[in-house]
Amino acid sequence: MERIGIYGGTFNPPHLGHIQGAKSAQAALHLDRLLLIPGCIAPHKAMPADSASPGQRLEMLQLASREMENTEVLDLEIRRQGKSYTYETVEQLQEQYPEAERYLLMGTDMFLSFDSWKEPERIARCAALAVLYRGEPGEAEAVARQKAAWEARGAKVTLVKNTVLEISSTDLRRLIAFQCGDAFLHPEVSAYIQKERLYGAGADYRRLPMEQLEKVVCGLLKPNRVAHVLGCRDTAAALARRYGADETDAARAGLLHDVTKALDGSLQLTLCASYGTILDTFSQKNPKTLHALTGSLVAERIFGENQAVVAAIRSHTTGKAHMNLLEKILYVADYMEPNRNFPGVEALRETAWQDIDKALKMGLEMTLDMLREQGREIAPESQQALAFLQELGV
């Protein structure tokens, strides 16, 4: 009996994680044929504004899978138009391959949300569920519970260990905009993205006017980070007016300070490596703190910001000795913007309008106290910043 794998998704864009996962499933399930099916319109999420068209995603997937054996890229969901529902696809393929053993490939997140899909029972009647899982803490237990629940309902569920490259298409789109996504793309897909100028590739973001800069930056952030960033921009500009710093520089630094925050630790390291940046020991051991450094690199290389803005972004998380006025303003604005809510923030806000140095010291002390309570390592720059302020008698 022929064994067929069905792998659908938006593939926006298709990347090496998709391809390596598909190859793992081919080998583990002994598939005779693998069908890759890009969707037309995702029913469960809105496509980002800068997304590739369905036709472009189809062409990229054909390029990405060109060297895979026994693999076909189908346009059936694109031709069907409208929202792409998996139950319609697997029922169509059941009619086309009635004698085959069919496996629907999906990641852990999709499997754990399978109950919320449209017509999941109809899907399970048409194909076995092949779940690509990584075995991370807590994942195995959740997958096992979901597997047992669906098997009790008559579904066939097969787990496929997936230890290959992990990256989301959302993060990859960010890396492409930051000019460092090639490591995750088939070379022909990368060339296609550049030629078609997709996902910000080839765009000129240098020295954008504030309104355009806000639109681009907010598109690179996680949605729950937008309010903080806009609050930091406005607070930094207000503090600049109060203390006589450059308001435009303060606003631009506030808007860009978290531009790479959405990237996890491993992707922060990827960006640094792509930019040829050598990291100190603390940064290598604590990659989650790297967004200040990578944000400054992106602000300079991608957005063409001046050195005052770049330097302020670089020190906005840890501080440093001999901070200039703009650097102090951004550090304090990040700490006290209106969306912040923690014990001591009101006192910090009141102090900030009276004495920026005292506010900076308060922020540093609160940060160091928190890190000590959590048993986390303290950045040398933070210790140096606090020691410098103490030497000045602040």
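Residues numbered from 1 in each chain as written. Predicted model: local features only at pLDDT ≥ 70, side-chain atom pairs only at ≥ 80, totals over all residues. Heavy atoms only, no water.

Asker: Residues and numbers for the pairing of strand 2 (residues 33–38), please.
Answerer: For strand 2, a buried count of 5 out of 6 residues is recorded, marking the element as mostly surrounded by other parts of the structure. The pairing of strand 1 (residues 3–9) with strand 2 spans 6 bridges and is parallel. Following the sheet pairing, I4 is matched in strand 2 by R33. Regarding topology, helix 1 (residues 16–29) serves as the crossover connection from strand 1 to the parallel strand 2, and that connection is right-handed. Traced from strand 2 through helix 2 (residues 54–64) to strand 3 (residues 71–73), the parallel crossover comes out right-handed. (Buried < 20%, exposed > 50% of the residue type's maximum accessible area, 1.4 Å probe, protein only. Helix = DSSP H or I, 4+ residues; strand = E, 2+ residues; numbered from the N terminus. Pairing = 2+ DSSP bridges. Right-handed = clockwise from strand over helix to strand, strands pointing away.)

Asker: How would you explain the nonpolar core if you had to name every residue and give the values?
Answerer: Core analysis: the largest hydrophobic core is formed by 92 residues, its most contacted members being F178, I193 and F303. Looking at this core element by element, the count peaks at 8 residues for helix 17 (residues 325–336). Beyond its immediate chain neighbours, meaning those up to four positions away, I193 contacts P13, M60, I176, L185, L198, Y199 and A201. If you look at the next biggest cluster of nonpolar residues, it comprises 26 residues, including L76, L93, A100 and A127. (Core = buried A, V, L, I, M, F, W, Y, C linked by side-chain atoms within 4.5 Å. Contact = heavy atoms within 4.5 Å.)

Asker: Tell me what's going on with the packing of aromatic side chains, and back it up with residues and numbers.
Answerer: Any aromatic ring pair is given by two values, namely how distant the centres are and how the planes are angled relative to each other. Here the structure, examined in full by the defined rule, presents 7 aromatic pairs. Here Y205 and F303 contribute two aromatic rings whose centre-to-centre distance is 5.8 Å and whose plane-to-plane angle is 20°, an arrangement assigned as stacked. Taken together, the residues span a long stretch of sequence, with Y205 in the loop between helix 9 (187–196) and helix 10 (210–220) and F303 in the loop between helix 15 (291–301) and helix 16 (307–314) at a distance of 98 residues. The class of Y205 is buried, set by a relative accessible area of 16%. Three or more aromatic residues link up through ring pairs in this structure, and these residues are F114, W117 and W150. When the ring centre of Y85 is taken as reference, the NZ or CZ atom of K118 above it lies at 5.4 Å. (Phe/Tyr/Trp six-rings, centres within 6.5 Å; stacked < 30°, edge-to-face > 60°. Lys NZ or Arg CZ within 6 Å of the ring centre and 35° of its normal.)

Asker: Describe the environment of L271, with residues and values.
Answerer: Position of L271 among the secondary structure elements: in helix 13 (residues 265–274). L271 gets classed as buried once you look at its relative accessible area, which sits at 0%. Expressed as a C-alpha distance, the spacing of L271 and C218, which sit 53 residues apart in the sequence, is 19 Å. If sequence neighbours within four positions are ignored, L271 has contacts with F178, C180, T260, L263, T294, L297 and V298.

Asker: Tell me about the environment of Q62, and please be specific about residues and values.
Answerer: Tracing the backbone through its elements, the reader meets Q62 in helix 2. Looking at Q62, the relative accessible area reads 39%, which means it is partly exposed. Remark: the alpha-carbon pair of Q62 and A22, spanning 40 residues in sequence, is separated by 14 Å.

Asker: Give a detailed account of the packing of helix 12 (residues 247–256) against helix 16, specifying residues and quantitative values.
Answerer: Following both chains from N to C, one finds helix 12 and helix 16 inclined at 45°, their axes separated by 9 Å at the closest point. In terms of axis orientation, helix 12 runs oblique to helix 16. Classified by chirality, the crossing of helix 16 by helix 12 is right-handed. Where helix 12 abuts helix 16, its residues D249, R252, A253 and L256 lie against A308, V309, A312 and I313. (Axes fitted to C-alpha atoms, helices over the stretch in contact; angles between N-to-C directions. Parallel < 35°, antiparallel > 145°, perpendicular 65-115°, else oblique. Left-handed = near helix turned anticlockwise from the far one by under 90°.)

Asker: If you had to explain the environment of E136 to someone new, which residues and values would you point to?
Answerer: Within the fold, E136 resides in the loop between strand 5 (128–133) and helix 7 (139–152). Judged by its relative accessible area of 36%, E136 falls in the partly exposed class. Sequence separation between E136 and E121 is 15 residues; the distance between their C-alpha atoms is 28 Å.

Asker: Give a description of the packing of helix 11 (residues 226–243) against helix 17 that names residues and reports values.
Answerer: At a minimum axis separation of 8 Å, helix 11 and helix 17 run at an interaxial angle of 135°. Taken together, the axes of helix 11 and helix 17 are oblique relative to one another. Considering the relative orientation of helix 11 and helix 17, their crossing is right-handed. Contact residues: helix 11 offers H228, C232, T235, A236, L239, A240 and Y243, while helix 17 offers L325, I329, L330, V332, A333, D334 and M336. Among the residues making up the contact of helix 11 with helix 17, the classes are represented as 11 nonpolar, 2 polar and 1 charged. (Nonpolar A, V, L, I, M, F, W, Y, C, P; charged D, E, K, R; others polar.)

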